[in-house]
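# Summary of the model geometry
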Amino acid sequence: MDFLYKFLVGPWIEMLSSPVFFGEVVIGGLLSGVMYSLVALGFVLIFKASGVFNFAQGVMVLFAALTLVGLMEKGIPLLVAIALTAVVMLLLAIVIERVILRYMVNQEPIILFMATIGLTFFLEGFGETLWGSDVKRLDIGIADSALSFPGLAIANSYVIWTFVGAVTLCLLLLFAWRVHAIRAAYALDSGTLAGSGNGSKTGLILAAFGLAMLLQRFLVAPDATFIGGRASRTAEFVASLSFIGLALLFAVLFFYAARWIGAWRARQTGAVDVPPMHYVWFILLGLAGLLAVSAGVVWAVRSGILINGFELFAAATAATLVIVLGVFFQKTRIGRALRAVADDHAAALSVGISLRTIWVIVWATAGIVALAAGIIWGGKSGVQFSLSLIALKALPVLILGGFTSVPGAIVGGLIIGVGEKVAEVYWSPALGGAIENWFAYILALVFLLFRPQGLFGEKIIERV
Amino acid sequence: MRARSDAEIAAGQVLLAVEGISLSFGGIKALTEVSFDIKKGEIRAIIGPNGAGKTSMLNVVNGFYKPQHGRIMFKGLSHAAMEPHEAASSGIARTFQNVALFKSMTTLDNIMAGRNLKMHRGLFWQILRVGPAAQEEVEHRRKAEEIIDFLEIPHIRRIPVGRLPYGLQKRVELGRALAMEPDLLLLEEPMAGMNLEEKEDMSRFVIDVNNHFGTTIALIEHDMGVVMDISDRVVVLDYGRKIADGTPDDVRGNAEVIKAYLGVGH
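Just so it is clear, the model here is predicted, and its values are computed rather than measured. (Residues numbered from 1 in each chain as written. Chains lettered and ligands numbered in written order. Predicted model: local features only at pLDDT ≥ 70, side-chain atom pairs only at ≥ 80, totals over all residues.)

## Focus on the overall build of chain B
Condition: Put simply, DSSP H or I for four residues or longer makes a helix, DSSP E for two residues or longer makes a strand, and each gets a number counted from the N terminus. Labels follow a simple rule on C-beta atoms placed from the backbone: if 20 or more others lie within 10 Å of a residue's own, it is buried; if 12 or fewer, it is exposed; otherwise it is partly exposed. Here, residue contact means that the backbone-derived C-beta atoms of the two residues sit within 7 Å.
On a plain count of helices and strands, chain B comes out with 11 helices and 10 strands. When the 266 residues of chain B are sorted by exposure, 45% land in the buried category. Pairs at least 24 residues apart make up 69% of the contacts formed inside chain B by residues separated by at least 6 positions.

Structure (structure tokens):
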């Protein structure tokens, strides 16, 4: 009875009784989950582009971290050392293609898999021969401790409303972007130019609404103070409205500007499709997102939640990598060629895609991702042989997210990170601790039973 | 149906010539001393019973197989063998017997993949997808749309090809090859497994490609009706050897060909 209480009831009561602590546990879990995602990302890249499960990814993380530390011990500054290590990873990719992959065209995936196991043993030995096998410290100048903003003289309400405003701006931008994409698709299907047609009425209403909300701040409460002093309830409310208004105005403005740029570009190139505004959107969305995240972090830290600065840095790195890789894979010639190679070697060759170049690019990219993971894991727990074993933690992440999905690797990592931490903290009394060590694998097992392709993987349908 | 008269073909310029090609796998001889040529602008059929070496022949031209003997002349340049990449960049495109499409990619992406060699922006721009790379995408997208319109498949533009019916997959594969703007198009059994209506559509596309774009076409096909209708000249292989070469009428009457297809009377 006692066990059942501890297992089924106790944890929930604890969660509800101190929500701030629960929030901390979840945030900690999310942030460490991002670190798993980072390793899993390397696997996904190579699997997506060549259908090979690269057993050596974990060792590539170790090798990258060893090289980085080795270079730094020689007195090379951090940033230069990172650049040099990236070059080393590129060279490694070229050597791997020359020595191993070149002879494996059109072979069964299992044979390629065996080759990567061989590579694992080689790299492990080679790395330790070059740089020694003792545990090393990697210092990247970001403290592994909770964040605090003691000297920041901005009132809390100001931070909160910045957060709300920036989030609204993000959502509106996403919405406008989506609308534009759909319009462009329709225009394409009907053979007309996108960028013409109406929609301006909605825009006008939105803009007027936004302007009104913005102006009321000066009309209703011109003397409300936000910086330094305490703000009244009314002032906070007014501030929030004006921020949302500003966000609306900007969104409308950006939407029309982007559409105008799109139409102008279309006239210039005579193209049928009008998509060329990605970078405008990406920069805006990135800025708004950054604002939202930083305001959110400051807000959370101010209200007493502990956030680890190092893990936050890891999360930011992973997010950047994912966005860049996503665009690269989905929207570019080389990304398309990578996907083509994964689907069918012979067909890829027949359209003139060079397997060798593609493999070098894939392995070099996986090497760079390994370097990022190496910096973060090495900085967190020191550079040592056990770093290559984090590959084992990436396996459940992949099973959860699906082997072929970049977003899957991220979501899988987050789920496992949060699940682990929450289970460890709340279910320890019932199950006796050390849950963190096995939780991921049990979760993966459950997924294998019920959804073997993972959350985002492509369902394999065999026609018989 | 045939686009050109015999006299026109005889006067034409040779685009591709294979000379004395021999290919074996271990002890098995797939091709023995095969020579023939393909002239600019013609539709050339390669026929023969199963196992005659037709596919091997295409694989040699396309660079998948390296013959032990013989030479390949393409556009006046002589090679002992081609690399697939080299063949593609010098203007040879192909389709496959059992549809080799990129199944998880959309129709549009498959056709854009065919533009691979025509796009030149470097990795740096590609990763960021800004400036020149984005502009280049738009330009090539226009070409891809032309091909989609030409093949009458705009409705399946954004569908992953793995979900399409077989006949449409064949058409997308043709589209991908056309996107390469090839000088020589190799079609491996373009009508295999199709019903009558689909076969007629496909024949029309093959002839249209030949007429509109002036693309030289070499095709392998089992449907004799189609072959005799659309091709200008036919080469017949049997057990890896060439047994006949000429216009459809010549080949139809050839005693060796009849023997190869029907067996010897007892």
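## Looking at the overall build of chain A
Scanning chain A from terminus to terminus reveals 16 helices and 0 strands. Within the span of chain A, comprising 464 residues, buried residues form 42% of the whole. Sequence-distant contacts, at least 24 apart, represent 79% of the contacts inside chain A between residues at least 6 apart.

## Section: the nonpolar core
Residue and element names in this part refer to chain A. Here is the rule we go by: We define the nonpolar core as any set of buried residues of the types Ala, Val, Leu, Ile, Met, Phe, Trp, Tyr and Cys, connected via C-beta atoms lying within 7 Å of each other.
Judged by nonpolar contacts, the single largest core of 167 residues is most densely connected at Ala40, Val61, Ala65, Val341, Ile358 and Val362. The element that contributes the greatest number of residues to this core is helix α13 (residues 355-381), accounting for 17 residues. Not counting the four nearest positions on each side in its chain, Ala40 is found in contact with Ala394, Val397, Leu398, Gly401, Ala409, Gly412 and Gly413.

## Here we look at unusual backbone geometry
All names here are of chain B. One non-glycine residue, Glu152, lies in the positive phi region at around 60 degrees. One can find Glu152 in the loop between α6 (131-150) and α7 (166-179). Not every positive phi belongs to a glycine, and Glu181 is a case in point at roughly 45 degrees. By the element assignment, Glu181 lies in the loop between α7 and β7 (184-188).

## A short note on the sheet that holds strand β4 (residues 69-74) of chain B
Residues and elements named next belong to chain B. We count it as follows: Any two strands between which DSSP finds at least two bridges are classified as paired. As a rule, the C-alpha atoms of each element are fitted with a line to give its axis, helices using only the stretch in contact, and angles between N-to-C directions run from 0 to 180 degrees.
Spatial ordering of the open sheet is given by β2-β1-β4-β5, a layout of 4 strands whose pairing is antiparallel. Every other strand in the sheet has two partners, leaving β2 (28-39) and β5 (77-79) as the edge strands with one partner each. Sheet twist, expressed as the mean angle between neighbouring strand axes with direction ignored, is 20 degrees. One ladder, built from 8 bridges, connects strand β1 (residues 14-25) with β2; its direction is antiparallel. Note that in β2 the partner of Ala17 across the bridge is Asp37.

## Comments concerning the pairing of β4(B)
When a strand is regular, its side chains alternate between the sheet's two faces. Residues and elements named next belong to chain B. Bridge analysis of β1 against β4 gives 5 bridges, and the strand direction is antiparallel. Bridging from a neighbouring strand, Leu16 pairs with Phe74 of β4. Here 3 bridges tie β4 to β5, and the two strands are oriented antiparallel to one another. Across the sheet, the residue bridging to Phe74 is Leu77, located in β5. Turn length for the β4-β5 hairpin, with the two strands adjacent in sequence and antiparallel, is 2 residues, and the turn residue Lys75 shows positive phi of about 50 degrees.

## Focus: the environment of A:Glu73
Residue and element names in this part refer to chain A. Its place among the elements puts Glu73 in helix α3 (residues 57-73). What makes Glu73 exposed here is the crowd of 12 C-beta atoms within 10 Å. It is 9.7 Å that separates the C-alpha atoms of Glu73 and Leu138, two residues lying 65 residues apart in sequence.

## Quick look at the sheet that holds strand β9 (residues 233-238) of chain B
All names here are of chain B. One open sheet accounts for 6 strands, arranged β6-β7-β8-β3-β9-β10; its pairing is mixed. Of all the strands in the sheet, the pair left with one neighbour each is β6 (92-94) and β10 (241-246). Within this sheet the neighbouring strands show an average axis-to-axis angle of 20 degrees, counted without direction. Alignment of β7 against strand β8 (residues 216-220), held across 5 bridges, turns out to be parallel. Across the sheet, Leu187 pairs through a bridge with Leu219, a residue of β8. Where helix α2 (residues 54-62) meets the sheet, it contacts β3 (43-47), β6, β7, β8 and β9, and its direction lies at approximately 150 degrees from that of β7. Of the strands in this sheet, β3, β7 and β8 touch helix α8 (residues 196-213), which is tilted by about 155 degrees from β8.

## Concerning the packing of helix α2 (residues 19-50) of chain A against helix α11 (residues 333-343) of chain A
Residue and element names in this part refer to chain A. Selection criterion: Throughout, the term roughly parallel applies to angles under 35 degrees, roughly antiparallel to angles over 145, roughly perpendicular to angles from 65 to 115, and oblique to all others. Under the grouping applied here, Gly and all other residues not named as nonpolar or charged are polar, the nonpolar ones being Ala, Val, Leu, Ile, Met, Phe, Trp, Tyr, Cys and Pro and the charged ones Asp, Glu, Lys and Arg.
Where α2 contacts α11, the axes come no closer than 5 Å and their chain directions differ by 65 degrees. Considered as vectors, α2 and α11 are oriented roughly perpendicular to each other. Counting all contacts with α2, which are made through Lys48, Ala49 and Ser50, the residues of α11 involved are Leu338, Val341 and Ala342. Within the contact of α2 with α11, the residues separate by chemical class into 4 nonpolar, 1 polar and 1 charged.

## What to know about the environment of A:Gly23
Note on placement: A:Gly23 falls in helix α2. In sequence terms A:Gly23 and A:Ala300 are 277 residues apart; their C-alpha atoms lie 9.7 Å from each other.

## Quick word on the domain arrangement of chain B
Many analyses report the size of an interface as the accessible area lost when the parts associate. All names here are of chain B. Rules: By convention here, the domain bounds are inherited from an automatic or database domain assignment.
Split into domains, chain B comes out as domain 1 (1-91 + 182-266) and domain 2 (103-180). Residue-level contacts link 11 residues of domain 1 with 9 residues of domain 2. Listed by contribution, the elements that provide at least two residues to the side of domain 1 that touches domain 2 are α3 (84-89) and α8. Per element, the largest residue contribution to the side of domain 1 that touches domain 2 is 4 residues, and it comes from α8. Each residue belonging to the side of domain 1 that touches domain 2 can be placed in one class, and the counts come to 8 nonpolar, 2 polar and 1 charged.

## Some words on helix α5 (residues 109-131) of chain A
What sets the pattern is the α-helix's 3.6 residues per turn: residues three or four places apart point alike. Residue and element names in this part refer to chain A. This is how it is decided: An expected span of 1.5 Å times one less than the residue number is assigned to each helix.
The end-to-end C-alpha separation of α5 is 32 Å, in line with the 33 Å expected for 23 residues at 1.5 Å each. The set of residues buried in α5 consists of Ala115, Thr116, Leu119, Thr120, Leu123 and Gly127. At its buried positions, α5 is contacted by α3 and α4 (78-99). Among the residues trailing α5, Gly132 stands out with phi positive, at a value near 85 degrees.

## Structural notes on α11(A)
With 10 of 11 residues buried, α11(A) is to be regarded as a mostly interior element. Where α11(A) is concerned, the buried positions are A:Arg333, A:Ile334, A:Gly335, A:Arg336, A:Ala337, A:Leu338, A:Arg339, A:Ala340, A:Val341 and A:Ala342.

## Some details on the pairing of β7(B)
All names here are of chain B. By the criterion of burial, β7 is predominantly enclosed, with 5 of the 5 residues buried. Burial of β7 is two-sided: the residues Leu184, Leu186 and Glu188 facing one way and the residues Leu185 and Leu187 facing the other way are all buried. Relative to β7, β6 is paired through 3 bridges, and the arrangement is parallel. Across the sheet, the residue bridging to Arg94 is Leu186, located in β7.

## A short note on the environment of A:Leu321
Within the secondary structure, A:Leu321 is located in helix α10 (residues 309-331). As a C-alpha pair, A:Leu321 and A:Leu38 span 283 residues in sequence and 8.6 Å in three-dimensional space.

## Digging into the packing of helix α1 (residues 2-17) of chain A against helix α15 (residues 406-431) of chain A
All names here are of chain A. To keep it simple, the criterion reads: What makes a crossing left-handed is the near helix being turned counterclockwise from the far one by less than a right angle; a clockwise turn instead makes it right-handed.
Relative to each other, α1 and α15 sit at 155 degrees, their axes nearing to 8 Å. With respect to each other, α1 and α15 are oriented roughly antiparallel. Here α1 and α15 pass one another in a crossing that is right-handed. Taking contact as the criterion, the partners of Phe3, Lys6, Phe7, Gly10, Pro11, Glu14 and Met15 in α1 are, on α15, Tyr426, Trp427, Pro429 and Ala430. Grouping the constituent residues of the contact of α1 with α15 by class yields 8 nonpolar, 1 polar and 2 charged.

## Here we look at the confidence of the model for chain B
Residues and elements named next belong to chain B. So the rule is basically this: For every residue, the predictor states its confidence as a pLDDT score lying anywhere from 0 to 100.
On average, residues of chain B score 84 in pLDDT, and 89% of them reach the 70 mark or higher. Mean pLDDT per element in chain B: helix α5 (residues 123-128) is the minimum at 54, and β8 is the maximum at 93. Confidence metrics for the complex model read pTM 0.70 and ipTM 0.78.

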